[in-house]
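What follows is the residue order along each chain.
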Amino acid sequence: SRNGDIVFSNLSFIIPKNGKLIRGLYLIPFREIKKPRPKAALLLQVDAGGVEWAPNGKEILYGTDWGIFHFDIRTKEVSHITKDGIFAAFSPDGEKIAFSTTLLRNTDIYIMDADGEIVRRLTRHPAEDLFPVWGPDGRWIVFYSKWEENYDIYAIDVAGINRRRLTDHPAKDREPTWVPVGFFPISPTAETQTTLWGELKQSVRN
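Model, not experiment: these values are computed from the prediction. Residue indices follow the written sequence of each chain, beginning from 1 at its first position. For this predicted model, a pLDDT threshold of at least 70 governs which residues receive local features, and a threshold of 80 or more governs which side-chain atom pairs are given and counted, while totals over whole chains, interfaces and linings are taken from all residues. Heavy atoms throughout the structure, all of them, feed into the side-chain values; hydrogens and water do not.

Undergrad: Quick question: what am I supposed to make of the packing of aromatic side chains here?
TA: Geometrically, a pair of aromatic rings is defined through the distance of the ring centres and the angle of the planes. Classification of ring pairs rests on two measures: the distance between centres of Phe, Tyr or Trp rings, Trp counted by its six-membered ring, which must be within 6.5 Å, and the angle between planes, read as stacked under 30 degrees, edge-to-face over 60 and tilted in between. Within this structure, the stated rule accounts for six aromatic pairs. Taking 5.8 Å as the distance between ring centres and 55° as the angle between the ring planes, the aromatic pair formed by Phe87 and Phe131 counts as tilted. Note that Phe87 is positioned in strand 10 (residues 85-90) and Phe131 in strand 14 (residues 128-134), a separation of 44 residues in sequence. Centre to centre, the rings of Phe143 and Tyr154 are 5.9 Å apart; their planes meet at 15°, and the pair counts as stacked. Residue Phe143 is located in strand 15 (residues 140-147), and its partner Tyr154 is located in strand 16 (residues 150-157); the two are separated by 11 residues in the primary sequence. Grouping residues by exposure puts Phe143 and Tyr154 together as buried. A positively charged side chain is recorded as over a ring if its NZ (Lys) or CZ (Arg) lies within 6 Å of the ring centre. The angle to the ring normal must also be within 35 degrees. One cation-aromatic arrangement involves Arg163 over Tyr154; the distance from NZ or CZ to the ring centre is 4.2 Å. A run of H or I in DSSP counts as a helix once it spans at least four residues, and a run of E counts as a strand once it spans at least two, with each numbered from the N terminus. To sort residues, take the accessible area from a 1.4 Å probe on protein chains only and compare it with the maximum for the residue type: under 20% means buried, over 50% means exposed, and anything in between is partly exposed.

What follows is the structure, encoded as structure tokens:
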């Protein structure tokens, strides 16, 4: 989160706790990060995926087989946002939520107010539009679109008018993100803690 905390789910693996196997949402507070063995606290016992922080660092969205849920870390209150959505994300101001859904059979991107009122449907075509990610200014959303075996990255403005295809090749382009210009160097410097993917593969291979 912007506060430096980490939240994660163990949907794909199980963490033993007191001799029991508990699936859920876990929090590693910022104060634990630099410890040799950071402690993760169980926030909520649930089969969750697609965990996303709110900009204020105090609320999260997560998905289950029953849809999208909102969880307030301070009050522990859980709200069911929509039963049909997946891959939800807060807007930069925390006022809106973008998500994929099959409300009208096709998998499209929708935007709703954070209180659960649907604002607008952004995409309308046979492809599956998934994993929406807000731009830093809140004016654009990027996502990937699956049509048969092709996966490509698209961008669309929040009015749903201007749609741009960003990739067009045989590779499967999925799960986009926004990175500020100049934020990550190509090669690590003395001040950055970076492991290049190529180096990591070489070390695993060796």
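Undergrad: Please explain a nonpolar patch on the surface as it appears in this structure.
TA: Residues forming no salt bridge and having over 30% relative accessible area are the ones grouped into patches, like charges within 9 Å of each other and nonpolar side chains (Val, Leu, Ile, Met, Phe, Trp, Tyr) within 5 Å. Reported accessibility uses the Shrake-Rupley method at a 1.4 Å probe radius. Residues are deemed covered only where the shown protein chains occlude them. Within this document, salt bridges are pairs made up of a side-chain nitrogen of Lys or Arg and a carboxyl oxygen of Asp or Glu, the two lying within 4 Å of each other. On the surface, a cluster of nonpolar side chains totalling about 260 Å² of accessible area is made up of Ile6, Phe30 and Ile33. Considering the arrangement of structural elements, one finds Phe30 in the loop between strand 4 (25-28) and strand 5 (41-44).

Undergrad: Explanation requested: the environment of Phe99 in the structure shown.
TA: Note that Phe99 resides in strand 11 (residues 96-104). Looking at Phe99, the relative accessible area reads 1%, which means it is buried. Spatially, the C-alpha atom of Phe99 lies 6.2 Å from that of Pro132, the residues being 33 residues apart in sequence. Every residue pair with non-hydrogen atoms within 4.5 Å of one another is taken to be in contact. Beyond its immediate stretch of four places on either side in the chain, Phe99 contacts Ile68, Thr82, Gly85, Ile86, Phe87, Ala88, Asp108, Ile109, Tyr110, Met112 and Pro132.

Undergrad: Help me out: how do you make sense of the sheet that holds strand 1 (residues 6-9) in this one?
TA: By way of backbone hydrogen bonds, the strands of a sheet pair with one another, either parallel or antiparallel. Across the sheet, which stays open at both edges, the three strands sit in the order 1-4-5 with antiparallel pairing between neighbours. Here the strands that pair on one side only, and so sit at the sheet edges, are strand 1 and strand 5. Averaged over all pairs of adjacent strands, the angle between strand axes in this sheet comes to 35°, irrespective of strand direction. By definition, two strands form a pair when at least two bridges between them are found by DSSP. Pairing analysis gives three bridges linking strand 4 to strand 5, with the strands arranged antiparallel. Considered in strand 5, the bridge of Leu25 is made with Leu44. Here an angle of 0 to 180 degrees is reported between the N-to-C directions of two axes, which are lines fitted to C-alpha atoms, with helices fitted over the stretch in contact.

Undergrad: What should I look at first to understand the environment of Gly94 in this one?
TA: Counting through the fold element by element, Gly94 comes out in the loop between strand 10 and strand 11. Taking the C-alpha atoms as reference points, Gly94 and Gly138, separated by 44 residues in sequence, lie 9.8 Å from one another.

Undergrad: When you look at the pairing of strand 7 (residues 59-64) in this model, what are you seeing that I'm missing?
TA: Note on strand geometry: in a regular strand, side chains alternate between the two faces of the sheet. Burial within strand 7 is extensive, with five of its six residues counted as buried. Looking at chain direction, strand 6 (residues 49-53) and strand 7 are connected through three bridges and run antiparallel. Among the inter-strand pairings, Gly49 is bridged to a residue of strand 7, identified as Gly63. Between strand 6 and strand 7, which pair antiparallel one after the other, the connecting turn spans five residues, and Gly57 there sits at a positive phi close to 70°. For strand 7 and strand 8 (residues 67-72), the ladder comprises six bridges, and the chain directions are antiparallel.

Undergrad: I'm lost on the sheet that holds strand 7 in this one. Help?
TA: Pairing within the open sheet is antiparallel, and its four strands lie in the order 6-7-8-9. Two strands lie at the open edges of the sheet, namely strand 6 and strand 9 (78-82), each paired on one side alone. On average, each strand axis in the sheet is tilted by 25° relative to the strand beside it, whichever way the strands run. In the sheet, strand 8 pairs with strand 9 via four bridges, with the strands oriented antiparallel. By the bridge assignment for strand 9, His70 is matched with Ser79.

Undergrad: How should I be thinking about the pattern of salt bridges in this particular structure?
TA: Oppositely charged side chains may form a pair once their charged atoms are brought near each other. The final tally for this structure, using the stated rule, is five salt bridges. For Lys35, the salt bridge goes to Glu32, with nearest N and O atoms at 3.0 Å. According to the relative accessible area criterion, Lys35 is partly exposed, its value standing at 41%. Among the ionic pairs, Arg121 bridges to Asp108, the shortest N-O distance being 2.7 Å. With a gap of 13 residues between them, Arg121 in strand 13 (residues 118-121) and Asp108 in strand 12 (residues 106-113) connect regions that are remote in the sequence. No difference in accessibility class separates Arg121 from Asp108, as the two residues are buried.

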